[in-house]
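Listed here are the chains, written in short residue letters.
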Amino acid sequence: MVGLVEVLLFLCVVGYFFNKSRGTDMVDIISNRVQEAYGSFRLPGMFGTTQTVEAGSFSTYAMLKRFGEQKKRKRQMDKENERKMREDSLYQMKNSATPHITLEAKTMPGLACRFCSPAESQPQLDQEDRRKNAIDILRATSHAGRRTNSSPTDWGVWCPHLAQATRVMKYDYPQVAGAVMGEERVQEALETVAKESVNEKRQELLDAGQSDDSFDEDACYNETMRIQAKRAQKVLTGMRSKLSDMALRITSWVLYKLLPCFLSGVAAHAGQVDMIKRAIAKNPDAPLIFLPLHRSHLDYIMVSFILLNHDIRCPMVAGGDNLRIPVFGNILRYDGAFFIKRKIDPLTGKKDHVYRAILHTYLQKVLTAGHNVEFFIEGGRTRTGKPCMPKSGILSVIVDAFNNRSISDALLVPVSINYEKLVDGNFVREQLGQKKVPESFSTAVSAIMKVLKARYGLMRIDFNEPFALSELVKSLRKSETNGNFTPENRRLQHKPSSSSLFGTDVVQEEQELRTLVDNIARHVVYDCAKATSVMTTNALAFLLLNRFRDGAPLMMLTEALDELRSVLNTTSRDIGFTGASEDIIKYAADLLEPGLVTKEKRGSQLFLKPVTMIPNVIELAYYSNSLAPHFALDSIVITVASLLKRQMEQRLREQQKSTDDVSIGRQDLFNVCLQFCDLLMYEFILSKPCQSLGTLLQDCFDRLCIMGLLLQPEVEYTEDQHRARRIAANLELDELDDGSYSEDDYFDDHLDQEDEVRVFLPAEKHCDRIVLQSVLAPYTSTYAAVASSLNLLLNSNSMLEGEFIKQCIKEITSRVEQGQCKYGESVSTDIVRNCLKVLEKRSAIELTNKNGVRTVSLAPDCDSEAEVQSIIHSIEQFVPI
């Protein structure tokens, strides 16, 4: 019967298309007959249910059609009502007040050291100013010209970037190169070179067995003066800057257009800019000396870009002469760059007096003309991601200008710069021992094109609180007079830079000035490192390389990032990102790309894993190393504690005693920590010149005890003992205030009095201690490989320094490939060079330079297998097992 009905319905439908009226009547008749025959029928419903339709509900096809039209009209009415409701909602949102989202207020980073720069000498800021948050300069300044009462005809509304470039304050930038050649210092240098040339030619005649009677001394002198004066003018022409206000405005407009192509933003702290403005208002005659850490070629112009758009005089920037390339070199020159050589003296042992005098005189003329100055305190860009040791050359000129009253004072402004992803690519080639590719016009163009097509995330610039050079010099000299913080009295000694852009002997040879300049430079680098904001990629790379080297699911990484953010906030380290940790990890992993971090699905969870193969892991370590200085002291204490525990357990096993509940002496812990600090003296600046390293280690130890990583049982004293300890402490502090008792002496005596105190390493915190040990493990692994390579120098063999470094890199790579070292980032030319400096300072090796050829050999006292093994053991003991 059902089949017959289907056939009849099909015939009716077909007939309908040929005769609409007759087809409609036929469908009505058949539908009525079917309903009469079955009474009712059942239709399938949703989710397996059924619904019953009574007979006569749709008596005819026309009624069925009308029902469908009603449904259609109802749907249209519903859509129309929904559209009206949506429009009403949008209208209400438009006319209602915009909700104000308040970010978490954080203490402003980069405040000056209150010992070296007392608060009363600094521009005072309100608490509200100090708790401002960083803002995106690209958006904030580009909309500065858009006033709330701007009319649609205001051209600034339609061309905000051009309006901003014309709005900025105009400054006069006088050219000073013309006044350099006539200065007494330059003329004395020319005379010195001329006299040396005369003496050399006379000596050549005597060595050749000829008489010097026919030698015309005056003619030789005059000819040398003419040649050297011509060379001096050429040096000055190549060095000088042509800073121009118009060029700065054009560059600012171009940057507004190009930066958003590859950067998501350029963040700076509004409160920090206010500090600079207030410092200028308080001391308008003092030039600003901007001292940034150097990460990228983009650093050169970004500081000027921010200062220009905040109406602060742009500085003249010291740049390497490797950037003096066609087109781009001229652009930098008009934006304020002056170019200096990386290596001043062409031959070792022979000073280039003319170049030194030109550079020194030009810098002093720049300062006395009222220019601000910017130079990179590290010299070149960091290749490892952590701050490098400072170069004191240009800083010594500024200190000399202050000492001889050429300038009344100067305001030093440390600057910290960080990127979520480095615009310059990476430094893997150089870390593997390969030569740096020199800059050229073609490489610059190709690099720019590559950058504009990629995504590099956020750039962050932090300006530290300006501090007066006069106050800093006064406080450091006072410390040296009291004998508290001089290098001779400190356990961690450092060697003043001998590779500065030009030696401090241009200014004076006195050790006092060299020490003063070096202490200022180290103070600046320490402040910059502490104020550097932690970016998303820094946090993710640090967690992956130090805690989850074998990878981890997203949920576990999220919890670890929450914990890391809490630790950084507790220790007042600024975090350059906000939001949910899960989103931050995904974002950072996308920025680092699959070459550094791999992502895969494991079940229902996302699994992230670092690429630990060479050379990928070297690039990933660059981002992780930004946090290495922050955790360096913690890592030193934990590494030494684990070392002493292993040694104690080994002695107990040799004595066939139980190794349960092994403890170590606290004084032994601090003594070995100081040895470890001394080993890393060229890797990290662990304390400011105005601080005691012993005090910092004590603070670090107490913090680790609070965290539960170390355990120091409390010693119960009687009331008489407590009273005696309070009296002794007060007497010691009084002596410390008088200057007759140094802080290091107090530290030593404090340890001696509590030698009985034992320290335990709780087993439940073993994994957390492993994380901290891994922070410095790549460095100690490199040092151990370099020490092992000293066997190549036995029996008075010497090698070219470059060849020896290649052998060290080969040894480290071999250890990584064989599984003896799990840290591929240990393959680092920079770390190898720093290790050689330590070995030279310890008189284990000798580095000689003959006619520009550097060789390395063992010192005579260490040229034996036993001595080499002793050196190896002294370093390998700090490598975590």
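Since this is a predicted model, take the numbers as computed values, not measurements.

**Here's the deal with unusual backbone geometry**
A cis amide bond, omega 10°, links I614 with the succeeding residue P615. With respect to the element layout, P615 can be found in the loop between β14 (605–610) and α23 (616–624). Its identity is not glycine, yet V327 carries a phi of approximately 70°, on the positive side. The topology assignment puts V327 in the loop between β6 (315–320) and α13 (328–334). Even without glycine at this site, S843 takes up a positive phi of about 60°. On the secondary structure map, S843 appears in the loop between α31 (829–841) and β18 (845–850). Owing to a relative accessible area of 47%, S843 belongs among the partly exposed residues under this scheme.

**A short note on the pairing of strand β5 (residues 288–292)**
Burial runs high along β5: five of the five residues are buried. Side chains of β5 alternate between two faces, with L288, F290 and P292 and I289 and L291 buried alike. In this sheet, strand β9 (residues 411–419) lies alongside β5 in parallel orientation, the contact comprising five bridges. Within the sheet, the bridge partner assigned to P292 lies in β9 and is V415. With two bridges joining them, β5 and strand β8 (residues 372–374) adopt parallel strand pairing. Counterpart to F290 in the pairing with β8 is E374.

**Observations regarding helix α9 (residues 217–239)**
Across its 23 residues, α9 extends 32 Å between first and last C-alpha, which sits within 8% of the 33 Å expected from 1.5 Å per residue. Considered for burial, the residues of α9 that qualify are C220, T224, M225, Q228, A232, V235, L236, G238 and M239. The elements touched by buried residues of α9 are α8 (184–207), α13, β7 (337–340) and α14 (353–368).

**Some thoughts on helix α24 (residues 628–654)**
Given a rise of 1.5 Å per residue, 27 residues ought to cover 39 Å, and the 37 Å separating the end C-alpha atoms of α24 matches this to within 8%. Along its length, α24 reaches its greatest deviation from straightness, about 35°, at D634. Once α24 finishes, Q656 follows within two positions and takes phi at roughly 55°, a positive value.

**Thoughts on the sheet that holds strand β19 (residues 853–858)**
The sheet built from three strands is open, its strands ordered β17-β19-β18 with antiparallel pairing. Bordering the open sheet on either side are β17 (798–800) and β18, each of which pairs with just one other strand. The sheet shows a mean angle of 25° between the axes of neighbouring strands, direction not considered. Direction of pairing for β17 relative to β19: antiparallel, over a ladder of three bridges. From the neighbouring strand, L800 faces β19, where its bridge partner is T855. Across the sheet, helix α30 (residues 801–817) is in contact with β17, β18 and β19; its angle to β17 comes to roughly 90°.

**So, the environment of A777**
The residue A777 is located in helix α29 (residues 766–789) in this model. Distance in space between the C-alpha atoms of A777 and P880 is 6.4 Å, their sequence separation being 103 residues.

**Regarding the packing of aromatic side chains**
Evaluated as defined, the whole model comprises 12 aromatic pairs. A network of ring pairs unites the aromatic residues F427, Y622 and Y623 as a single cluster. Sitting over the face of the ring of Y456, K421 holds its NZ or CZ atom 5.7 Å from the ring centroid. The residue whose ring lies beneath R602 is F607, and the NZ or CZ to ring-centre distance is 3.7 Å.

**Some details on the environment of W253**
Tracing the backbone shows W253 in helix α10 (residues 245–262). Sequence spacing of W253 and A163 is 90 residues, and the spatial spacing of their C-alpha atoms is 9.1 Å. In this structure, W253 is in contact with H161, L162 and A165, ignoring residues within four places of it in sequence.

**A look at the confidence of the model for the protein**
When pLDDT is averaged along the protein, the result is 81, and 77% of the positions lie at 70 or above. Of all secondary-structure elements in the protein, the lowest mean pLDDT belongs to strand β1 (residues 40–44), at 43, while helix α20 (residues 536–546) reaches the highest, 96. Across residues 37–58 the pLDDT falls below 50, and counting only partners more than four positions away or on other chains, this stretch makes 29 contacts in the model. Residue range residues 749–755 is modelled with pLDDT below 50. Its contacts to residues more than four positions away, or to other chains, number 11 contacts.

**Structural notes on the side chain of N464**
For N464, the position within the fold is in the loop between β10 (458–463) and β11 (467–468). At 3.4 Å, the side chain of N464 forms a polar contact with the backbone oxygen of D527. Ignoring any residue separated from it by four or fewer positions in sequence, one finds N464 in contact with G110, M275, V413, P414, S416, D527, C528 and A531.

**So, the sheet that holds strand β12 (residues 552–553)**
Taken in spatial order, the three strands of this open sheet run β12-β14-β13, and their pairing is antiparallel. If you trace the sheet from one side to the other, it starts and ends with β12 and β13 (597–602), each paired once. Summarising the sheet, β12 and β14 pair through two bridges and their orientation is antiparallel. Note that in β14 the partner of P553 across the bridge is F607. Against the sheet, helix α22 (residues 581–592) engages β13 and β14, with an angle of about 125° to β13.

The rules behind each value
Residues numbered from 1 in each chain as written. Predicted model: local features only at pLDDT ≥ 70, side-chain atom pairs only at ≥ 80, totals over all residues. Heavy atoms only, no water. Helix = DSSP H or I, 4+ residues; strand = E, 2+ residues; numbered from the N terminus. Buried < 20%, exposed > 50% of the residue type's maximum accessible area, 1.4 Å probe, protein only. Pairing = 2+ DSSP bridges. Expected span 1.5 Å × (residues − 1). Contact = heavy atoms within 4.5 Å. Bend = angle between axes of the 7 residues up to and from the residue. Axes fitted to C-alpha atoms, helices over the stretch in contact; angles between N-to-C directions. Phe/Tyr/Trp six-rings, centres within 6.5 Å; stacked < 30°, edge-to-face > 60°. Lys NZ or Arg CZ within 6 Å of the ring centre and 35° of its normal. pLDDT = per-residue confidence, 0-100. Polar contact = N/O pair within 3.5 Å; in protein donor to acceptor, adjacent residues only side chain to side chain.

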